[in-house]
Amino acid sequence: MKDKRVKKSPTGIIIAVVAVIVALGVTLAAFIVNVDITRTLSVSNFTAGGTISFYGADVSQYTNSNGTVSVNYRDSTAPNYITKLRISVKYRGNGVGLLRVKIAEEWSTTTAGVKSVMPYKVMMPYVLASSYDASSTGNQSAWYDNRANDYCYYYATPIIASSEEKTINLLNTNSAFDVSSFDSSAIANDAELNLAVYVDAVQVNRYPQYWHLNRLPWTYGDSSSEVDLP
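So, how was this worked out
- Residues numbered from 1 in each chain as written.
- Predicted model: local features only at pLDDT ≥ 70, side-chain atom pairs only at ≥ 80, totals over all residues.
- Heavy atoms only, no water.
- Helix = DSSP H or I, 4+ residues; strand = E, 2+ residues; numbered from the N terminus.
- Buried < 20%, exposed > 50% of the residue type's maximum accessible area, 1.4 Å probe, protein only.
- Pairing = 2+ DSSP bridges.
- Core = buried A, V, L, I, M, F, W, Y, C linked by side-chain atoms within 4.5 Å.
- Contact = heavy atoms within 4.5 Å.
- Phe/Tyr/Trp six-rings, centres within 6.5 Å; stacked < 30°, edge-to-face > 60°.
- pLDDT = per-residue confidence, 0-100.
- Polar contact = N/O pair within 3.5 Å; in protein donor to acceptor, adjacent residues only side chain to side chain.

Some details on the environment of asparagine 45
No. 1: Residue position: asparagine 45 is located in the loop between helix H1 (11-38) and strand S1 (47-54).
No. 2: For asparagine 45, a relative accessible area of 30% translates into the label partly exposed.
No. 3: Spatially, the C-alpha atoms of asparagine 45 and glycine 95 are 7.3 Å apart, while their sequence positions differ by 50 residues.

Here's the deal with the pairing of strand S5 (residues 114-117)
No. 1: Relative to S5, strand S4 (residues 97-111) runs antiparallel, the two sharing four bridges. Note on S5: the bridge partner recorded for threonine 110 is lysine 115.

So, the nonpolar core
No. 1: In terms of nonpolar packing, the biggest core is built from 41 residues, with Leu85, Tyr91, Leu99, Tyr126, Trp143 and Leu170 touching the most fellow members.
No. 2: At the level of elements, S1, strand S2 (69-71), strand S3 (85-93), S4, strand S7 (152-155) and strand S10 (192-203) are the ones that each hand at least two residues to this core.
No. 3: The element that contributes the greatest number of residues to this core is S10, accounting for five residues.
No. 4: When neighbours within four sequence positions are excluded, tyrosine 91 is seen to be in contact with Phe46, Thr47, Ala48, Gly97, Leu99, Ile159, Ala161, Glu164, Glu165, Lys166, Ala201 and Leu229.

So, the packing of aromatic side chains
No. 1: All told, the structure shown has nine aromatic pairs when counted by the stated rule.
No. 2: Look at tyrosine 132 and tyrosine 144: their rings are 5.5 Å apart centre to centre, the planes differ by 85 degrees, and that puts the pair in the edge-to-face class. Of the two residues, tyrosine 132 sits in the loop between S5 and strand S6 (143-146) while tyrosine 144 sits in strand S6, which places them twelve residues apart along the sequence.
No. 3: Every member of this aromatic cluster is reached through a ring pair, and the members are Tyr73, Trp107, Tyr120, Tyr126, Phe177 and Phe182.

So, the confidence of the model for the chain
No. 1: For the chain, mean pLDDT is 83; residues scoring 70 or higher make up 80% of the total.
No. 2: Confidence drops under a pLDDT of 50 for residues 1-6, and excluding neighbours within four residues, the segment shows zero contacts in the predicted structure.
No. 3: Residue range residues 13-43 is modelled with pLDDT below 50. Its contacts to residues more than four positions away, or to other chains, number 19 contacts.

Let's talk about the pairing of S4
Along any regular strand, the residues point their side chains to alternate faces of the sheet.
No. 1: For S4 and S10, the ladder comprises twelve bridges, and the chain directions are antiparallel. In the strand pairing of S10, alanine 104 is matched with alanine 196.
No. 2: Of the pairings in the sheet, the one linking S4 to S7 comprises two bridges and is antiparallel in character. Counted as the bridge partner of arginine 100 is tyrosine 154 from S7.
No. 3: Joining the antiparallel neighbours S4 and S5 is a turn of two residues, in which alanine 112 adopts a positive phi near 50 degrees.

Quick look at the side chain of asparagine 139
No. 1: Here asparagine 139 is to be found in the loop between S5 and S6.
No. 2: At 2.7 Å, the side chain of asparagine 139 forms a polar contact with the backbone oxygen of aspartate 222.
No. 3: Contact partners of asparagine 139, with chain neighbours within four places excluded, come to Ala156, Thr157, Pro158, Trp218, Tyr220, Gly221, Asp222 and Ser225.

Quick notes on the environment of serine 224
No. 1: Here serine 224 is to be found in the loop between helix H3 (207-211) and strand S11 (227-228).
No. 2: Among the residues examined, serine 224 registers a relative accessible area of 58% and is labelled exposed.
No. 3: Spatially, the C-alpha atoms of serine 224 and valine 96 are 9.4 Å apart, while their sequence positions differ by 128 residues.
No. 4: Within the structure, the side chain of serine 224 is placed 2.6 Å from the side chain of aspartate 222, a separation counted as a polar contact.

Below you can see the structure in the form of structure tokens.
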């Protein structure tokens, strides 16, 4: 009599393996998204971070529990009035790096103790400490406004800061905001504004991988030349 053996189907095993891979993929995707959005980046020997302050006022009095900073955009006598806002970048890196900054604005209203985030999309007229002029070409020691594409400001040249930490001002220290160009008519009178700053630094030859850019966004951006920060 022939011995008839029933072969077990591998379908169950395959499904289990696929399920594990999918679950792992979802977990990694969520982790990567969170890191890309919220991190103060440290790649290789680069460190970079943002600092928010107000001229003549203690910023800690306006810092929320989640790390965002409350900014007054209506009362010009307020210590945290938006023209007094100061944002700078602390940067250090022995190699050649690239730098970009995002100012994240949260508009919200609070009713009966319940906070509601408002879907306002406002292109805020910040006044930059050094602005990449529309007529400029090539690398400049200035900030290029690329917010229309990715909400970021780019320091429009590769930089070196050796082992000493350097500070680059993002906003003008005399007046950080052009009030005359700001239309608040579409914003609720009781809306609150909170800000957070995210800084991203990367090795000059790795920006396509980290920033997903085919080229540097400013006109004729050149990744092969750099400046040493003063």
